[in-house]
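So you can see what is in the structure, the chains are spelled out below.
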Amino acid sequence: MNPEELLEALDPEQREVAQHLHGPLAVLAGAGTGKTRAITYRIAYGVKTGAYQPTNVLAVTFTNKAAGEMRSRLLDLGAGNVQTRTFHSAALSQLRYFWPQVIGGVVPEIREHKAPLVAMAAERLGFPTDRVSVRDFASELEWSKVSLIAPEDYALRALEARREIPGDLTGQDMAALISAYEVVKAERGVIDFEDTILILIGLMSSREDVAAQIRRQYKHFVVDEYQDVSPMQHRLLQLWLGDRRDICVVGDVSQTIYSFTGAKADYLANFSKEFPKARTVTLNRDYRSTAQIVDLANEVIGENHTEGAVFLRAMGGTGRLVEYREYADDEAEANEIAGRIISLHQQGVDYSDMAILYRTNSQSERFEAALSAAGVPATVRGTTRFFQRREVLEAMVVLRSIARGEASGGHSGMELPELVKGALNQMGWRKEPPAAHGAARERWDSLESLRLLGEDMWEKRQATIAQFVEELEERKAASNEPTQEAVTLSSLHASKGLEWKVVFLAGMSEGLMPISHAQGDEGVAEERRLLYVGITRAKEELMISYALGNGNRANRKVSRFLVPFWPKPESKSSASRKRVAKAKADFANAAPEDRALFEELREWRATAATEAQRPPYVIFHDTTLRDIAIIKPRTLTELGAVKGIGSTKLMRYGEEVLAVIAAFMKW
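No experiment lies behind these values; they were computed from the predicted model shown.

Conventions adopted
Residues numbered from 1 in each chain as written. Predicted model: local features only at pLDDT ≥ 70, side-chain atom pairs only at ≥ 80, totals over all residues. Heavy atoms only, no water. Axes fitted to C-alpha atoms, helices over the stretch in contact; angles between N-to-C directions. Helix = DSSP H or I, 4+ residues; strand = E, 2+ residues; numbered from the N terminus. Parallel < 35°, antiparallel > 145°, perpendicular 65-115°, else oblique. Left-handed = near helix turned anticlockwise from the far one by under 90°. Contact = heavy atoms within 4.5 Å. Salt bridge = Lys/Arg side-chain N within 4 Å of Asp/Glu carboxyl O. Buried < 20%, exposed > 50% of the residue type's maximum accessible area, 1.4 Å probe, protein only. UniProt positions renumbered as here; feature names shortened; annotations may be inferred. Phe/Tyr/Trp six-rings, centres within 6.5 Å; stacked < 30°, edge-to-face > 60°. Lys NZ or Arg CZ within 6 Å of the ring centre and 35° of its normal. Pairing = 2+ DSSP bridges.

Some points on the packing of helix α2 (residues 12–19) against helix α3 (residues 35–48)
Working step 1: Packing of α2 against α3 leaves a shortest axis separation of 8 Å and a crossing angle of 40 degrees. By the angle class used here, α2 and α3 are oblique. Once α2 is placed against α3, the crossing between them reads as right-handed. Together, Gln14, Val17, Ala18 and Gln19 of α2 and Arg37, Ala38, Tyr41, Arg42 and Tyr45 of α3 make up the contact between the two elements.

Some thoughts on the pattern of salt bridges
Close approach of charged atoms allows side chains with opposite charge to pair.
Working step 1: By the definition in use, this model includes 45 salt bridges.
Working step 2: Among the salt bridges present, the one from Lys35 reaches Asp224, with a minimum N-O distance of 2.8 Å. One end of the pair, Lys35, is in helix α3; the other, Asp224, is in the loop between β6 (220–223) and α12 (231–241), with 189 residues separating them in the sequence.
Working step 3: On the basis of relative accessible area, Lys35 is assigned to the buried category, the value being 17%.
Working step 4: Judged by its relative accessible area of 5%, Asp224 is buried.
Working step 5: Glu182 serves as the salt-bridge partner of Lys145, at 3.3 Å between the closest nitrogen and oxygen. Residue Lys145 is located in helix α7 (residues 131–146), and its partner Glu182 is located in helix α9 (residues 171–188); the two are separated by 37 residues in the primary sequence.

Brief notes about the UniProt feature "domain: UvrD-like helicase ATP-binding" (unreviewed entry) in the protein chain
Working step 1: UniProt records the feature "domain: UvrD-like helicase ATP-binding" (unreviewed entry) at residues 8–290, using the numbering of this structure.
Working step 2: Across residues 8–290 one finds 52% helix and 12% strand; the C-alpha atoms that close the span lie 24 Å apart.

Describing the packing of aromatic side chains
Working step 1: Across all of its chains, the model carries 14 aromatic pairs by this definition.
Working step 2: Relative to Phe98, the ring of Tyr97 lies with its centre 4.9 Å away and its plane at 85 degrees, an arrangement referred to as edge-to-face.
Working step 3: Pairwise contacts between aromatic rings join Phe62, Phe87, Phe221 and Trp240 into one cluster.
Working step 4: In this structure, Arg163 is placed above the aromatic ring of Trp143, and the distance from its NZ or CZ to the ring centre is 4.2 Å.

Brief notes about the packing of helix α24 (residues 592–612) against helix α26 (residues 622–631)
Working step 1: Two elements in contact, α24 and α26, have axes separated by 8 Å at closest approach and are oriented at 130 degrees. Judged on the interaxial angle alone, α26 and α24 are oblique. Crossing hand, α24 versus α26: right-handed. Residue-level contacts link Asp594, Leu597, Phe598, Leu601, Arg602 and Arg605 of α24 to Asp622, Leu625, Arg626, Ile628, Ala629 and Ile630 of α26.

Some words on the sheet that holds strand β12 (residues 354–358)
Working step 1: An order of β11-β16-β15-β12-β14-β13 is seen for the 6 strands of this open sheet, with the pairing classed as parallel. Edge positions in the sheet fall to β11 (323–327) and β13 (378–380), since each has one partner strand and no second. Across this sheet, the average inter-strand angle for adjacent strands is 20 degrees, counted without regard to direction.
Working step 2: Examined bridge by bridge, β12 and strand β14 (residues 487–491) share 4 bridges and lie parallel to one another. Each bridged residue has a counterpart across the sheet, and for Tyr358 the counterpart in β14 is Ser491.
Working step 3: Seen against the sheet, helix α16 (residues 330–346) touches β11, β12, β14, β15 (500–505) and β16 (538–547) and runs at an angle of roughly 155 degrees to β16.

Let's talk about the environment of Thr55
Working step 1: The residue Thr55 is located in the loop between α3 and β2 (57–61) in this model.
Working step 2: A relative accessible area of 43% places Thr55 in the partly exposed class.
Working step 3: Along the backbone, Thr55 and Val487 are 432 residues apart, and their C-alpha atoms lie at a distance of 39 Å.
Working step 4: Residues in contact with Thr55, not counting those within four places in the same chain, are Asn81, Gln217 and Tyr218.

If you want it as structure tokens, here you go:
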């Protein structure tokens, strides 16, 4: 694409972003408004017009996955030499370059996990060393470091920030633990991730030659998710810039959900105060979600509309109404959601286009169990390491071998998709997935993900096998996993930046949303923003649910944030009369054969209820039996698509129901 074609692919506000190549620019970008598109096209436009040298641009974001996706987009746009990194990755790269010159030797070992070192420090001081306490101590320690708080200032600053100090420690106790942790690190000659930025800040502040060399290299900066910047990251950005002003920041204050880790949306909201000549562009055209989903998102966040927030305008037209569901218990919620997923998949929705989102990681277990029992492939975000799977590692070995063969003159004349397919065929991949679930299906899903990635790279830029292997290596290093054909299970925090056609927001009860330990008005406001993030992940369908209880207790209430939108219950007698009248009216139009089969199914249900010592309606409602009689499913998959049949009931009664139908129909 030439520069003019790049601009033609953007809406008016995105085009304004792309054309503002010099000077400070703040892009207030609501969810689904194409912010990544705007900034990647801006960089590509700057490169293609000659305003930027690619190697002089540094694009910074917060996760390896986001950096990898930005890098892929820039490659597709012909701006592949631009540096796209996380703050920590960029700082570490610069630190490794300057350490031998300024300090001598090599950068010390970076400890990925703080827990063992924190436990040693806690033990020295006689503080608790159980797993939960150590985890909480490590989180508080990270907050103090990213907030640029020295140990001696911790007690006062924690009091001002109304921090809840873990482990029943006082502010002075926590300050002592922070100091002891630094001593333990020094004794072992190691550093942590925060140190990579803090040490670079120290180098650039004390050595003007180091700062000058970095500034000569990077002259134009783009920072994504600017609402999540911490004081530590903000200070590094200031040092990178020096007295220059070529910086573009992008973010949404309504998606500030990491304040507890030190993120400060104030840097985005007050950008024009820090850079008085800054230009501000607002992106509010939501291209992701239907009008119904956008309306709900605006209503939910409307109670907490802070400075710099964006009111979304739906561009995708109308869609299905948002659904609200109340379940008797957690098991019923999980099973019914699993049943809905099976039904949607039968209607043509890919598993990878569906997600179940929840507030705490501990909630995932019951959904994992329900999906597993229903034979639905699922991946839990934040736990699966795609590039550590055996089949993926083996595939990469085969692909490297093919790439070497192509490079050494043995050119086959085959296009990338065929080369990738050939490599996967060697490993047992076939066009159709295995009928069985479990390990065989997981292996197939992994290989299929590689195949789809190869097709995508060919369609976008006619990539070679060598470029495909290079892409896989980069993705492996950045933990940037390709899309897998599986339902995603994710906490609301981990879902940020992602999207799916269908989203189930589960467990939305008071005490979980907002979480019971949310501190003060700001803590509750952040929980509201977290719900907003969850709502805006959905593109076409959104289903919100909660369970009244767990076990024999039914004392939960729906989240206070959702009360204004939750359907008002009818009186039991009125609702019952309406349901009966509707069911009779619908079934009156059914064929005689359907009514006869319905009676057969009712007889079977009476027997099953007697054997289970449960009321008949607990087995199946009449409405469900009527639907079965009309549809006459032949397989478990078809039966599972009937409304009201969750995975548990399908497994328990499915074969018996099919047998009744087969006998009646004489199949």
